[in-house]
Amino acid sequence: MRRHGAHLGDGRSHTRSSHATPHLTPRSSRSSLYRYASVFFARYQELKDGQKLLAKIERGEALIQKRHEQQRVLAKKVSQTKSPWVNLRIDYGGHRDTHKHFTEDEDRFLVCKTNELGFGRWEELRGEVRTAWQFRLDWWFKTRTTQELSKRVAFLAEKIEAEVQQQEEAERAAEKGMKKGTGKAAAAAEPPKKKARK
């Protein structure tokens, strides 16, 4: 758990929550939310269940952060693939049988469509699955519930997140190596300093 002093009273928590669902919060309501949150984070310790409420807020924040990260890695995976609706590949890491009924074409559609709609819009995703022309004869896929689809997308996001993290770590290591090599090359290119005569 993060240190409370890092965010209490600065409005960070309620601002993040508001930004997470701006379409659900009218401007006047957001203003009221800001005022309430500022008072809450300044005086939560005076409440009988203040610590429990704070813990609940922090769990909610963690879920929001996780959803943002999942949305980010899906977007990166899709953007890095040429014609992702056809060519996107997922590294299942030997665990594809966890949901063995889903095909690779269905998984590809779920990833691309979730990236298009936004992570968490499961009802809309279900509607897209039911009306997608390429699955018009795939009754099993068309009849999946929002819960089943959300679980599948979460599973796929975990696999893609691991893949993207590994890629980003390799990129950081390569960049660090290049900077180190550039520094050595610059040092080697410098002419030797002449020793002063005694």
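Source: prediction; values computed, not measured.

Reading guide: rules and limits
- Residues numbered from 1 in each chain as written.
- Predicted model: local features only at pLDDT ≥ 70, side-chain atom pairs only at ≥ 80, totals over all residues.
- Heavy atoms only, no water.
- Salt bridge = Lys/Arg side-chain N within 4 Å of Asp/Glu carboxyl O.
- Helix = DSSP H or I, 4+ residues; strand = E, 2+ residues; numbered from the N terminus.
- Buried < 20%, exposed > 50% of the residue type's maximum accessible area, 1.4 Å probe, protein only.
- Contact = heavy atoms within 4.5 Å.
- 1 Å grid on protein atoms, 1.4 Å probe; cavity = no way out; pocket = protein on both sides within 12 Å on 5 of 7 lines; lining within 4 Å.
- Points joined across faces, edges and corners; volume = space filled by probe spheres on them.
- Nonpolar A, V, L, I, M, F, W, Y, C, P; charged D, E, K, R; others polar.
- Core = buried A, V, L, I, M, F, W, Y, C linked by side-chain atoms within 4.5 Å.
- pLDDT = per-residue confidence, 0-100.
- Axes fitted to C-alpha atoms, helices over the stretch in contact; angles between N-to-C directions.
- Parallel < 35°, antiparallel > 145°, perpendicular 65-115°, else oblique.
- Left-handed = near helix turned anticlockwise from the far one by under 90°.

**With respect to the pattern of salt bridges**
Phase 1: Per the stated rule, a full pass over the model turns up 10 salt bridges.
Phase 2: A salt bridge links R72 to E168, with the shortest nitrogen-to-oxygen separation between them at 2.8 Å. Taken as a pair, R72 in helix 3 (residues 50-79) and E168 in helix 8 (residues 146-189) lie far apart in primary sequence, 96 residues in all.
Phase 3: Of the residues examined, R72 reaches a relative accessible area of 34% and is grouped as partly exposed.
Phase 4: Residue E128 is joined to K113 by a salt bridge in which the shortest nitrogen-to-oxygen separation is 3.6 Å. Taken as a pair, E128 in helix 6 (residues 122-131) and K113 in helix 5 (residues 104-117) lie far apart in primary sequence, 15 residues in all.
Phase 5: Residue K113 is classed as buried on the basis of its relative accessible area of 9%.
Phase 6: Where salt bridges share partners, they join E69, R72, K76 and E168 into one cluster.

**Structural notes on the side chain of E106**
Phase 1: The residue E106 is located in helix 5 in this model.
Phase 2: Excluding residues within four positions of it along the chain, E106 makes contact with H101, F135, D138, W140 and F141.

**Some thoughts on empty space enclosed by the protein**
Gaps between atoms show up when a probe of the same size as a water molecule is rolled over them.
Phase 1: Applying the stated criterion across every chain, the model contains 1 cavity of 30 Å³ or more.
Phase 2: Its boundaries defined by the atoms lining it, the largest cavity holds a volume of some 40 Å³.
Phase 3: Around the largest cavity, the lining residues are L88, R89, I90, Y92, E104, D107 and R108.
Phase 4: Here the residues of the lining of the largest cavity sort into 3 nonpolar, no polar and 4 charged.

**Re the nonpolar core**
Phase 1: Within the largest apolar cluster, 25 residues are counted, with the highest numbers of intra-cluster contacts made by L110, V111, F141, L149 and L156.
Phase 2: Of all the secondary structure elements, the ones that give two or more residues to this core are helix 3, helix 5, helix 6 and helix 8.
Phase 3: Apart from the residues lying within four places of it in its own chain, the contact partners of L149 are F102, L110, L125, R126, V129, F141 and R144.
Phase 4: Core analysis: the next-biggest nonpolar cluster, separate from the first, contains 5 residues, F40, F41, Y44 and L54 among them.

**Focus on the confidence of the model for the protein**
Phase 1: For the protein, the average pLDDT comes to 79, and 73% of its residues sit at 70 or higher.
Phase 2: Between the elements of the protein, mean pLDDT differs from a low of 46, seen in helix 1 (residues 12-20), to a high of 97, seen in helix 6.
Phase 3: Between residues 1-24, whose pLDDT stays under 50, and residues either more than four places distant or in other chains, the model counts 40 contacts.

**Some thoughts on the packing of helix 3 against helix 5**
Two numbers describe a pair of packed helices, the interaxial angle and the distance between the axes.
Phase 1: At a minimum axis separation of 9 Å, helix 3 and helix 5 run at an interaxial angle of 115°. Taken together, the axes of helix 3 and helix 5 are roughly perpendicular relative to one another. In the packing of helix 3 onto helix 5, the handedness of the crossing is left-handed. Where helix 3 abuts helix 5, its residues Q71, L74, A75 and V78 lie against V111, C112, T114 and N115.

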